[in-house]
Each structure stands twice: as C-alpha cells, then as structure tokens.
Amino acid sequence: MGIQWQRAVTLAAWWAQGVHVARCYHRLVGREFWAADQWREFQADSLRQLVRHCYENVPFYRDRFDACRVRPQDIRGPEDLLRIPVLTKEEARANIERLLARNIPRRRLKPTTTSGSTGKPLTLYTDARVSEYTEAGMWRDFVRCGWEPGEKVAGTWGQRPLGSLPRRWMHAVCDRVAGIVYLDAWCAGEREFEQWLAKLKAQRPTVLVCFPSMGSRLARWLMDRQEAVPGIKGVFTTAERLYEYDRDVLAQAFGCRVFDFYGSQEVRHVACQCEKGQMHIFPDMVVVETGEPDELGHPPLILTGLVNWAMPFLRYQVGDSGSLKQGRCDCGRESPLMELQITRLSDVFRFPNGKEYPGQYFIHSFSRAGFEGVELFQFHQDQPDHIWLRVVKGRKFSPETGQRLEALVREIEEQIERQARVELAYSDGIDQTASGKHCFARSNVTKPPASAAADPRRGKDGKP
Ligand SMILES: [Zn+2]
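Just so you know, these numbers come straight off a predicted model, no measurement behind them.

Engineer: Even after reading the chapter, I still don't get the overall build of the protein chain, so can you show me in this structure?
Structural biologist: Each helix and strand counted, the protein chain has twelve helices and 19 strands in total. Taking the contacts inside the protein chain whose residues are at least 6 apart along the sequence as the reference set, 67% of them involve residues at least 24 apart.

Next comes the structure, spelled out in structure tokens:
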C-alpha cells in the first residue's frame, strides 16, 4: 500500500470516529517554527480560556478559586498561576466526578486509567478533541525525524487488553488500518524478538516508539546477531528515563537519531527532543512549571494541560521531576526548553537509619560499572533492610561478570552503611508493569521506618 493511500485510510478511520486528525496536524505542524513571542501570546490566550472554562464549568475548580479568592480574570498568563494551589494526585483521585466539566455530555467522554506504575491508578476522562491532539501531536513529533503521514509506526507497547476473539481481531484490524506495527512488550524474550524482527522487515515502519529499557534490549539483540532493520528514520523513546548508553545503542542498532518524548496520561504532550537533542516544550499543549525541590533536591514538575477540557488538570503535580532550561536551541525552534529527571517519589529507597536515596543512585552505580552480558536488571527494596538485585543474564554473561556483580553488591552495602542486605538473584525475566514499562529501581518502603531520628514522639536527643 502506498504512503498516500495508507494516509487516506488512516485519516478515514479516525474521521469515522469523529476525530479530525488531518486538520489538527496541519495546524500543529505549522507552529513548529513560531517565534518565541508568538508562542507566549498563544499560550497565555489558551490558558485564559481554559481558566474561564474551569471556573464556569468544573465544580472542583469553582470551589478552589472561590476558596482562595481568585477570579478567572486574575489569571492573565502562566506567571499568575502561582495564585492557584497545586493539584496533587491524591486530590485528583478523590475528586474525579467534580473534576469533570458539566458542559460536556457524559456520553462523549472516554475513560482511561493511568498505568499506576508510580502509585495507585487514576481514572481520567478525555473526549474526541483530546484524541485529535494526541494523534496529530504524535505526527508533529515524528516529522522531526523525516517521517511523513502515511508511513508506518512500530511500537513496543504493553500487553493488549485480553478479550474475546472478535475484540482482539478488531484491535488487529484497527492497528493495520492506522499503520501501526504492534510489538507486544509483555515478557519479551528471544522468541519474541525473532517474531518482531520478521514483522519489522515485512512491514517496514519508518518510526519505532519504545520504552528505553525494552528498545535497547531489542537493539542489543539485533547487534549481537548482526541484524538490521532497514528504513527506520527515528526512534522515539518515552515513559522512562533515557540513559546515554541506551541512546547510543539504539542509535547504532537502528542507524538513526533517538528522540526522547515526554508526556503522561493526564497531560499527553509535554515535550519532545529535536534533532539537536534539546527537549522542547509544546506551549500549545501545556504550561510547565517547577515547584520547590524535594528533600533530595529534585524540583517537581507542575503541569497545566491546555487540551483536555473534559477533565482539566490545572497545576497538576504529576510525580516527575525536571527543570526549565534557559537559552535558545540551534535547531531554529523557539519553543521553551526543559530537562527531565523523572525521579518518582515511589522510587526513593528509605532505610532504618532515616537516610533516603533516590532509585537513580542504584541505577547509576550499576551502569557506571557497565556490565556486559547483563540483559536486564532491577533493584527492588522489599523490606527496609533488604534489597533484591535481580539480573537477567544475556549471551555474553561470563563468570567474571558474576564476580563483578558480587563486588558491586558489597560496594552498595558499604555505601548505604549496611542498612540493608543486597541479595543478588538471577532470573529468566523480570515482571514488567502492566503497561510494559520496566522499573529499574522500585521500593515498597513508602514511609520512613520508625527510628529514633524519625519518631515524632521522641525528643531531639532520641529519648522518649
Ligand atoms: Zn531544538
């Protein structure tokens, strides 16, 4: 099927669902090289409209604005947002009904549940406009690598919802129509990679979308076998932190640039890297602010989504961290820049002596050591005084790799002042989260363990 034909079929399929992707795409792509002033003006105007809508139609915000004595006209631009309190995940979860706009009929709303890999799942609602911007927004990102509408996109997403056979069949048809080459990331291993390779060679997508952990495993597997997937113009990574070594291996295996993309279920398009490797915010989709740094020095990201009017997220603390970056990019785009850290709070490791370490600390120790022959790893703190280091062996795993892992374990135990035992375990696979994301460092220890220092009933000297 030719590109033009595929494009027409895809657009027709969306149009049948009441979603006008083409119209939206042309609008979005036309903004790529807007001047900084143009962006500022557009964003401030979109924000004013959203705030007015929230006050008039969304009960939760009406009450919130009244409680802090803010009128919609007081918010003239992003700088005035500080007058409104931040919306936490817990608040959103407890107020789902009151966060829905009353002027949008319920039958037009589509529920989605966030993956919950970073905490408890949250159900949120979107409408056709959100679908339109989500799809067209992806297209705008893909254009950065030279992709053209109508070309196929391959994605390693999580498990497809199981269901009746007709339902699964319908999904397969929809993917085909939309030009999506679906690679099931659930429990991917040797056999699946072989199937994926055959699929990629047969269907020839030009873009690959993947989680960095999964994509780089596939990339290493391809390089080990001296296999290549011809025709990929760009790899887009998302949902996990992209480490330099994963970026390098992806670029090498697929022979193209890697673009890191940032978005969440609540606010779909936040930022995407350009060909110069800078992460540009989409001011027509979101206002990005940062809050006070947490105890580990990471500023939380606060997002105001400008597209979803059905269930608006105004100053939402999404659970990731990052910072805004000054200066201009050489690529010619004048949209603002940011840097992403994504150190989710649930990934903080807490120990009986009251000390806390970001999960990144463990990941860095591991990657600094650079283990050849390790296919996948995960640090998992299941008890305050116990951490699993799970390792999936790759082809090049040698006895020496094993010895170096043992040494790393001892080094980490030393670093964390022997507060926990690190236990090395080899396994055939590591459970992915339901969405297929890999979690490199997770902890079940959510509250600081009771200790002399942390117990509020005790005095500063530790005595009751
Ligand atoms: Zn740029």
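Engineer: Before we go on, may I ask you to explain the sheet that holds strand 19 (residues 441-443) in this structure?
Structural biologist: Hydrogen bonds between backbone groups are what pair the strands of a sheet, and the pairing can be parallel or antiparallel. The four strands are arranged 18-17-16-19 in an open sheet whose pairing can be described as mixed. At either end of the open sheet lies a strand with only one pairing partner, and these are strand 18 (421-426) and strand 19. Within this sheet the neighbouring strands show an average axis-to-axis angle of 20°, counted without direction. Pairing analysis gives eight bridges linking strand 16 (residues 374-383) to strand 17 (residues 386-393), with the strands arranged antiparallel. Pairing of F379 across the sheet is with L389, part of strand 17. Of the strands in this sheet, strand 16, strand 17 and strand 18 touch helix 12 (residues 399-415), which is tilted by about 160° from strand 18.

Engineer: Could you clarify how one ought to interpret unusual backbone geometry in this entry?
Structural biologist: As a rule of thumb, non-glycine residues mostly have phi less than zero, and peptide bonds are mostly trans rather than cis. Despite not being glycine, R204 shows a phi value in the positive range, around 50°. Inspection of the secondary structure puts R204 in the loop between helix 8 (190-203) and strand 5 (207-210).

Engineer: I'm lost on the pairing of strand 18 in this one. Help?
Structural biologist: The side chains of a regular strand alternate, residue by residue, between the two faces of the sheet. Pairing analysis gives six bridges linking strand 17 to strand 18, with the strands arranged parallel. Following the sheet pairing, R390 is matched in strand 18 by A425. In this region the chain leaves strand 17, passes through helix 12 and returns to the parallel neighbour strand 18; the handedness of that crossover is right-handed.

Engineer: Could you clarify how one ought to interpret the packing of helix 9 (residues 212-224) against helix 10 (residues 244-254) in this entry?
Structural biologist: When two helices pack together, their arrangement is given by the angle between the helix axes and the distance between those axes. Here helix 9 crosses helix 10 at 45°, and the two axes come no closer than 9 Å. Classed by the angle they form, the pair helix 9 and helix 10 counts as oblique. Between helix 9 and helix 10 lies a crossing whose hand is left-handed. Here P212, G215, S216, A219, R220, L222 and M223 of helix 9 lie close against helix 10, whose contacting residues are D246, V249, L250, Q252, A253 and F254. A per-class count over the contact of helix 9 with helix 10 returns eight nonpolar, three polar and two charged.

Engineer: Honestly, the environment of Q378 in this entry has me stumped. Any pointers?
Structural biologist: Relative to the elements of secondary structure, Q378 occurs in strand 16. A sequence separation of 47 residues divides Q378 from A425, and the C-alpha atoms of the two residues are 10.0 Å apart. Contacts of Q378, omitting those with residues within four sequence positions, involve R390, I430, C439 and F440.

Engineer: It is not clear to me how the packing of helix 2 (residues 21-29) against helix 6 (residues 128-143) should be interpreted in this structure. Could you clarify?
Structural biologist: Running from N to C, helix 2 and helix 6 point in directions that differ by 50°, and their axes come no closer than 8 Å. With respect to their mutual orientation, helix 2 and helix 6 come out oblique. Note that helix 2 runs across helix 6; the crossing there is right-handed. Between helix 2 and helix 6, the contacting residues are V21, C24, Y25, L28 and V29 on the first element and E132, Y133, E135, A136, G137, W139, R140 and V143 on the second. A class-by-class count of the residues in the contact of helix 2 with helix 6 yields nine nonpolar, one polar and three charged.

Engineer: Please clarify how helix 9 should be interpreted in this entry.
Structural biologist: The α-helix advances 3.6 residues per turn, and as a result positions three or four apart in sequence lie on the same side. The first and last C-alpha atoms of helix 9 sit 18 Å apart over 13 residues, in line with the 18 Å expected at 1.5 Å per residue. Of all the 13 residues making up helix 9, eleven are buried; the element is thus mostly covered by neighbouring parts of the structure. What helix 9 keeps buried is the set P212, S213, M214, G215, S216, R217, L218, A219, R220, W221 and L222. Positive phi appears at Q226, one or two residues downstream of helix 9, with a value of about 50°.

Engineer: What's the story with the nonpolar core in this structure? I'm lost.
Structural biologist: If you look at the biggest cluster of nonpolar residues, it comprises 82 residues, and the most contacted ones within it are L208, V235, F254, V270, V286, L303 and Y316. Counting residues per element, this core draws most heavily on helix 6, at six residues. Leave out the neighbours within four places in its chain, and V235 touches L208, C210, G215, L250, F254, C256 and V258.

Engineer: Looking at this structure, I do not really get helix 10. What am I missing?
Structural biologist: Taken residue by residue, helix 10 has D246, R247, V249, L250, A253 and F254 as its buried positions. Among the structural elements, strand 5, helix 9, strand 6 (234-238) and strand 7 (257-262) are those in contact with the buried residues of helix 10.

Engineer: Any chance you could explain the environment of Q383 here in plain terms?
Structural biologist: The topology assignment puts Q383 in strand 16. Note: C-alpha distance between Q383 and R350 (33 residues apart in sequence) is 9.5 Å.

Engineer: Can you walk me through the confidence of the model for the protein chain in this structure?
Structural biologist: Any region with low pLDDT has predicted coordinates that should not be read closely. Across the protein chain, the average pLDDT comes to 85, with 86% of residues at or above 70. Across residues 449-464 the pLDDT falls below 50, and counting only partners more than four positions away or on other chains, this stretch makes 15 contacts in the model.

Engineer: Even after reading the chapter, I still don't get the environment of W39, so can you show me in this structure?
Structural biologist: Mapped onto the fold, W39 is located in helix 3 (residues 36-57). Taking the C-beta count within 10 Å as the criterion, W39 has 19 such neighbours and is therefore assigned partly exposed. Measuring from C-alpha to C-alpha, the distance between W39 and P336 comes to 8.9 Å, with 297 residues separating the pair along the chain. Leaving out residues up to four positions away in the same chain, W39 has contacts with W34, P283, E334 and S335.

The rules behind these values
Residues numbered from 1 in each chain as written. Predicted model: local features only at pLDDT ≥ 70, side-chain atom pairs only at ≥ 80, totals over all residues. Helix = DSSP H or I, 4+ residues; strand = E, 2+ residues; numbered from the N terminus. Contact = placed C-beta atoms within 7 Å. Pairing = 2+ DSSP bridges. Axes fitted to C-alpha atoms, helices over the stretch in contact; angles between N-to-C directions. Right-handed = clockwise from strand over helix to strand, strands pointing away. Parallel < 35°, antiparallel > 145°, perpendicular 65-115°, else oblique. Left-handed = near helix turned anticlockwise from the far one by under 90°. Nonpolar A, V, L, I, M, F, W, Y, C, P; charged D, E, K, R; others polar. Expected span 1.5 Å × (residues − 1). Buried ≥ 20, exposed ≤ 12 C-beta atoms within 10 Å, placed from the backbone. Core = buried A, V, L, I, M, F, W, Y, C linked by C-beta atoms within 7 Å. pLDDT = per-residue confidence, 0-100.

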